[in-house]
Amino acid sequence: MLEVKTLKKKYGEFTAVDGISLHINKGEVVGLLGPNGAGKSTTISMIATLFKPNSGEILFEGENIVKNPKVIQPFIGYVPQEIALYETLSGYENLKYFGALYGLSGKAIKEQIQRISKIIGIEDRLKDRVSTYSGGMKRRINIGVGLLHNPKLVIMDEPTVGIDPQSRNHILETVNKLKSEGISVLYTSHYMEEVEAICERIYIMDHGKIIADGTQEALLEQSKIQSGMKLKFEKPVAQIVDQIKAMAWVTQVQILDEYEMIIRSSGNGSSHKDILNALMAMNSGLISFDIQKPDLEQVFLHMTGRGLRD
Ligand SMILES: Nc1ncnc2c1ncn2[C@@H]1O[C@H](COP(=O)(O)OP(=O)(O)O)[C@@H](O)[C@H]1O
Ligand SMILES: [Mg+2]
C-alpha cells in the first residue's frame, strides 16, 4: 500500500532523514521506533505530504505522492503530536467542526461521530468542553479528528507521550480497533513496550537511518540477544560474584544490590539449567531466580550502545 524508497531530508546542512526505505501493507500495524531526534517526525511528515523530501520516492498504491500529493491525501489520516482543538468547544463540536471541513454534515457527521467515539473510547464525555479534558482525552479527540474522513492509512506521531495510563490504554486499543477494520497504521514511538504490544512489524530508527527492521521475534533473533536471569541470594553477592563470572556460560554480570544480580549467558536456553545447577553445586545461597525476557530496548542497546531514552 505504501512504499518509501531511499528517502532523504536535510535541514540546511543537517541530514535528519538519511536514505530510509520502508513499506506498509494493507491492514498492517507498523511501528517506527527510535529515540528523540532519530528523524521519526520528519519521516512521517513527508509521508503525510506536509513537506517534500530532498530525494527519494514515496509511493502510495504505486503512485508517486512526492510529485502528486493529492493521490494520498483523501486516504491518509495524520495525527500530529501537538494537539489542535478548540478548547471552548465540546469534543462533539470539535469533531463536527473538523468534519465540516471534510464536507460532512447532517446525518453523515452524526453517524461518523458516533462511530469514531466508539473507536477512541470517549462516548460519555463527548458533550463536555475540551478545556475540562485531561491531556489524554484531548489526544484521543485529536486522533478522532484524524479518522473523520475514513482514511485507509493512519499515522500517529508519539500519541501517548505525557498522558495518563488510562488514555494510553484507550489509544493502544484504538490502534487494535483500526486494524480489525482493515486500516493500516504507522505508529511512531520511543516506548518500546507499546511498539512490542501492538505492532506486527517494527522499523528501528536512529540518526536518520533505519538500523533494523522485522517482527519482534526476528529482531531479537538477529541481534542474538540472550534472555537473562535475575538471581537473589541469602548472602552478599560480593562473596560469590567472581565465581559466577568465571562460569563458562556467563557473559555479563550486573549487580543490582547487595543480594541481587542479573546474569546473561551466551549459550542456548539450556544454559539457564546449567547455571542453576552450578549455583546449587557451589552452595551459593540462591534464594530465587527470575528469567528476564529479552526486549527491543536490549536490541537497540546492542546495536547502538545507547538506551532508547538516553
Ligand atoms: N525544522 C527543523 N529545523 C532544523 N532541524 C530540525 C527541524 N526539525 C527537526 N530537526 C532536527 O532533525 C532531527 C530529527 O528530528 P525529528 O524528525 O523531529 O526526530 P524525532 O521525531 O525522531 O524525535 C533532530 O535532530 C531535530 O533536532
Ligand atoms: Mg518526533
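Quick caveat: nothing in here was measured; it's all calculated off a predicted structure.

Engineer: I'm lost on the sheet that holds strand β12 (residues 250-257) in this one. Help?
Structural biologist: Consider a sheet: its strands pair through backbone hydrogen bonds, and that pairing is either parallel or antiparallel. Spatial strand order, β12-β13-β11-β14: four strands in an open sheet with antiparallel pairing. Either end of the sheet is taken by a strand with one partner, and the two such strands are β12 and β14 (286-292). On average, each strand axis in the sheet is tilted by 20° relative to the strand beside it, whichever way the strands run. Bridging between strand β11 (residues 228-233) and β14 involves six bridges; their strand directions are antiparallel. From the neighbouring strand, Lys 232 faces β14, where its bridge partner is Ser 288. The strands touched by helix α9 (residues 271-281) within the sheet are β11, β12, β13 (260-265) and β14, with β11 carrying the most contacts at an inclination of about 20°.

Engineer: Can you help me understand the site of ligand 1 in this one?
Structural biologist: All residues in the neighbourhood of ligand 1 are listed as Tyr 11, Phe 14, Ala 16, Pro 35, Asn 36, Gly 37, Ala 38, Gly 39, Lys 40, Ser 41 and Thr 42. Here Ser 41 contributes a backbone N or O atom positioned 2.8 Å from an oxygen atom of ligand 1. Against a free-state accessible area of 560 Å², the protein chains account for coverage of 58% of ligand 1. Top contributing element to the shell around ligand 1 by residue count: helix α1 (residues 40-47), with three residues. Partitioned by chemical class, the residues of the shell around ligand 1 number five nonpolar, five polar and one charged.

Engineer: Mind showing me how you'd approach the domain arrangement of the protein here?
Structural biologist: How big an interface is tends to be stated in terms of accessible area lost as the parts join. One can read the domain layout of the protein as domain 1 (2-222) and domain 2 (228-293). Taking only C-alpha atoms, the centre of domain 1 and the centre of domain 2 are 43 Å apart.

Engineer: Explanation requested: unusual backbone geometry in the structure shown.
Structural biologist: Phi is mostly negative for residues that are not glycine, and the peptide bonds are mostly trans. Non-glycine residue Thr 49 carries a positive phi angle of around 60°. Mapping Thr 49 onto the fold places it in the loop between α1 and β4 (55-60). Its identity as a non-glycine residue notwithstanding, Glu 61 has a phi of 50°, on the positive side. If you trace the backbone, Glu 61 turns up in the loop between β4 and β5 (63-64).

Engineer: Honestly, the pairing of strand β9 (residues 201-206) in this entry has me stumped. Any pointers?
Structural biologist: Walk down a regular strand and you will see the side chains alternate between the two sheet faces. Of all six residues in β9, six are buried, a share of seventy percent or more. When strand β3 (residues 29-33) meets β9, the two strands line up parallel, connected through four bridges. Looking at β9, one finds that Leu 32 is bridged to Tyr 203. Sheet topology places β9 next to strand β10 (residues 209-214); five bridges connect them, and they run antiparallel. Bridge pairing in β10 places Met 205 opposite Ile 210. Hairpin remark: β9 followed by β10, antiparallel, with two residues in the connecting loop; positive phi at His 207, about 50°.

Engineer: Can you walk me through the pattern of salt bridges in this structure?
Structural biologist: One side chain can pair with another of opposite charge once the charged atoms of both are near each other. Applying the stated criterion across every chain yields a total of ten salt bridges. Close ionic contact of Lys 8 with Asp 18 constitutes a salt bridge, the shortest N to O distance being 4.0 Å. Highlighted residues: Lys 8 in strand β1 (residues 2-11) and Asp 18 in strand β2 (residues 14-24), separated in sequence by ten residues. Given a relative accessible area of 32%, Lys 8 falls into the partly exposed group.

Engineer: Hey, could you run me through the packing of aromatic side chains in this one?
Structural biologist: Given two aromatic rings, their pairing is described by the distance between the two centres and the angle made by the two planes. Tallied over the full model, the rule gives four aromatic pairs. Ring plane angle 80° and centroid distance 5.2 Å describe the contact between Tyr 86 and Tyr 97, whose orientation is recorded as edge-to-face. Placement of the pair is Tyr 86 in the loop between β6 (76-79) and α2 (91-101) and Tyr 97 in helix α2, with a sequence separation of eleven residues. Note on Tyr 97 and Phe 98: the rings are 5.2 Å apart at their centroids and 80° apart in plane angle, and the pair reads as edge-to-face. When its relative accessible area of 15% is taken as the criterion, Phe 98 is described as buried. Taken together, the aromatic side chains of Tyr 86, Tyr 97 and Phe 98 make up a single cluster linked through ring pairs. Over the ring of Tyr 92 we find Lys 127, and its NZ or CZ is 5.1 Å from the ring centre. Above the face of the Phe 75 ring, Lys 152 is positioned so that its terminal group lies 4.7 Å from the ring centre.

Rules used in this analysis
Residues numbered from 1 in each chain as written. Chains lettered and ligands numbered in written order. Predicted model: local features only at pLDDT ≥ 70, side-chain atom pairs only at ≥ 80, totals over all residues. Heavy atoms only, no water. Pairing = 2+ DSSP bridges. Helix = DSSP H or I, 4+ residues; strand = E, 2+ residues; numbered from the N terminus. Axes fitted to C-alpha atoms, helices over the stretch in contact; angles between N-to-C directions. Contact = heavy atoms within 4.5 Å. Near = heavy atom within 4 Å. Polar contact = N/O pair within 3.5 Å; in protein donor to acceptor, adjacent residues only side chain to side chain. Areas by Shrake-Rupley, 256 points an atom, 1.4 Å probe, with all protein chains shown as cover. Nonpolar A, V, L, I, M, F, W, Y, C, P; charged D, E, K, R; others polar. Domains from an automatic or database assignment. Buried < 20%, exposed > 50% of the residue type's maximum accessible area, 1.4 Å probe, protein only. Salt bridge = Lys/Arg side-chain N within 4 Å of Asp/Glu carboxyl O. Phe/Tyr/Trp six-rings, centres within 6.5 Å; stacked < 30°, edge-to-face > 60°. Lys NZ or Arg CZ within 6 Å of the ring centre and 35° of its normal.

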